[in-house]
Amino acid sequence: MVTRFAPSPTGLLHMGHAYSARMGFEAARAAGGTFLLRIEDIDTSRCKPQFVDAIVEDLRFVGLTFDGPIRKQSEHLSDYAAALETLEQLGVLYPCFCTRAEIAAELAHSQSAPQADPSELPQVYPGRCRDRKRDEVERRLLAGHSYALRLHTERSRELLRSRGQWPLTFTDQHQGTVTVDPALLGDVVLARKEVRTSYHLAVVVDDALQGVTLVTRGQDLLTSTHVHRQLQALLGLPVPEYAHHPLLIDQSGQRLAKRRGSESIRSLIQKGRTADELWASIGLRAPAVI
Ligand code: GLU
């Protein structure tokens, strides 16, 4: 059993993170397996090295000891570039020249509920660049336009079908067998002109390279697993089991989140809280020291 906790160092951990890490920690410890820490720091504009140090220290403080070396995604970009190259050769990627503003405008135009908060709506790419003529694509590339590489979900499904690999499923310990629905997240971005990877691609490559057998993470990432399963099939990678756990909510019924101002473990430690008190605040006992 190999599990992992894979935070992005864009801020300090709160107890929602510790809870999530605890799921992987417990599963590994119960099975006499390995619990890994992976730092997902490919977004250099948002990730900061001081948060990496804080993550490591805070996990240790609350008793979530991890095994082996820490893998930092920013140090393994060539692994993701190789996977991207394989996908390009399979013909399941296409360059998209749309700006975020253009996509947002198109989505806003087509949404049937204009009063809804756009940040809460699923942002499925409407597909303007999906089937552009080859010479037009060449012209834009030659002119140096910025672009993102998207997964062509339709072509990818046809390819997998022709290999006898469709439909795809994955196993989640809470949901049972889940059938992949490519329409949930649509043609996601797998790389950009300047950054030749993305969260989805790096996670899939790393989980395989690190031999992760059980992926424990919040329910908010369940839709991402529909993308990850497609990538595993395309790249011929092993498929881990999943456990998407419910998210912790605070007294007001809101999920704990950095952007909602949930108090960081760091600040609670500075106020003198012990590890036992931190765990008790979310209704748990501190993990047993082995
Ligand atoms: N890095 C992701 C996050 O911090 C988690 C990725 C994962 O567990 O697959 O939300």
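Residues numbered from 1 in each chain as written. Predicted model: local features only at pLDDT ≥ 70, side-chain atom pairs only at ≥ 80, totals over all residues. Heavy atoms only, no water.

**Student:** So what about the site of the ligand? Which residues, and what values?
**Tutor:** The full set of residues close to the ligand is R4, A6, P7, S8, E40, Y199, R217 and L221. Here A6 contributes a backbone N or O atom positioned 2.7 Å from a nitrogen atom of the ligand. In the model, an oxygen atom of the ligand is placed 3.1 Å from a nitrogen or oxygen of the Y199 side chain. In isolation the ligand exposes 300 Å². Once the protein is present, 76% of that is buried. Among the residues making up the shell around the ligand, the classes are represented as 4 nonpolar, 1 polar and 3 charged. (Near = heavy atom within 4 Å. Polar contact = N/O pair within 3.5 Å; in protein donor to acceptor, adjacent residues only side chain to side chain. Areas by Shrake-Rupley, 256 points an atom, 1.4 Å probe, with all protein chains shown as cover. Nonpolar A, V, L, I, M, F, W, Y, C, P; charged D, E, K, R; others polar.)

**Student:** Hey, could you go over the packing of aromatic side chains for me, with residue numbers and the actual values?
**Tutor:** For the structure shown, the criterion picks out 3 aromatic pairs. Geometrically, the ring pair formed by F25 and F35 is edge-to-face, given 5.8 Å between the ring centres and 85 degrees between the ring planes. Of the two residues, F25 is situated in helix α1 (residues 15-30) and F35 in strand β2 (residues 34-39); the sequence distance between them amounts to 10 residues. The same class applies to F25 and to F35, which are both buried. The interplanar angle of 70 degrees and the centroid separation of 5.6 Å between the aromatic rings of F170 and Y242 together place this pair among those described as edge-to-face. Taken together, the residues F170 in strand β6 (residues 169-172) and Y242 in strand β10 (residues 241-245) connect sequence positions 72 residues apart. The same class applies to F170 and to Y242, which are both buried. Between the NZ or CZ atom of R150 and the centre of the ring of Y125, over which it lies, the distance is 3.8 Å. (Phe/Tyr/Trp six-rings, centres within 6.5 Å; stacked < 30°, edge-to-face > 60°. Helix = DSSP H or I, 4+ residues; strand = E, 2+ residues; numbered from the N terminus. Buried < 20%, exposed > 50% of the residue type's maximum accessible area, 1.4 Å probe, protein only. Lys NZ or Arg CZ within 6 Å of the ring centre and 35° of its normal.)

**Student:** Describe the pattern of salt bridges, naming the residues involved and giving the relevant values.
**Tutor:** Using the criterion set out here, one finds 20 salt bridges in the structure. A salt bridge links R29 to D67; the shortest N-O distance between them is 3.2 Å. In this pair, R29 is assigned in helix α1 and D67 in the loop between α2 (49-61) and β3 (71-72), connecting sequence segments 38 residues apart. Residue classification places D67 among the partly exposed residues on the basis of a relative accessible area of 24%. Ionic pairing is found between E263 and K271, a salt bridge with its closest N-O pair at 2.5 Å. (Salt bridge = Lys/Arg side-chain N within 4 Å of Asp/Glu carboxyl O.)

**Student:** Kindly report on the nonpolar core, identifying the contributing residues and their values.
**Tutor:** Ranked by internal contacts, the top residues of the largest apolar core, which has 43 residues, are L87, L190, L201 and L231. Looking at this core, the elements with two or more residues in it are α3 (77-90), β4 (93-96), α4 (100-110), β5 (148-151), β8 (189-192), α7 (199-209) and α8 (222-235). Sort the elements by how many residues they give to this core and α8 lands first, with 6 residues. Those residues within four positions of L190 in sequence are excluded, and the remaining contacts are L84, L87, L93, L149, R150, L151, T197, S198, H200, L201 and L231. Grouped together as the second largest cluster of nonpolar side chains are 25 residues, A21, F25, F66 and I282 included. (Core = buried A, V, L, I, M, F, W, Y, C linked by side-chain atoms within 4.5 Å. Contact = heavy atoms within 4.5 Å.)

**Student:** Outline unusual backbone geometry, supporting the account with residue identities and numerical values.
**Tutor:** Residue P167 is reached from W166 by a cis peptide bond, and omega for that bond is 0 degrees. Checked against the element boundaries, P167 lands in the loop between α6 (153-162) and β6.

**Student:** Could you give an account of the sheet that holds β4, with specific residues and numbers?
**Tutor:** Here 3 strands make up an open sheet; going across it, the order is β4-β5-β8 and the pairing antiparallel. Since the sheet does not close on itself, it has two edges, and those belong to β4 and β8, each with one partner. Strand-to-strand twist in this sheet, taken as the mean axis angle between neighbours without regard to direction, amounts to 30 degrees. Inspection of the sheet shows β4 paired to β5 by 4 bridges, in the antiparallel sense. If you follow P95 over to β5, its bridge partner there is L149. (Pairing = 2+ DSSP bridges. Axes fitted to C-alpha atoms, helices over the stretch in contact; angles between N-to-C directions.)

This is a description of form; function is not addressed.
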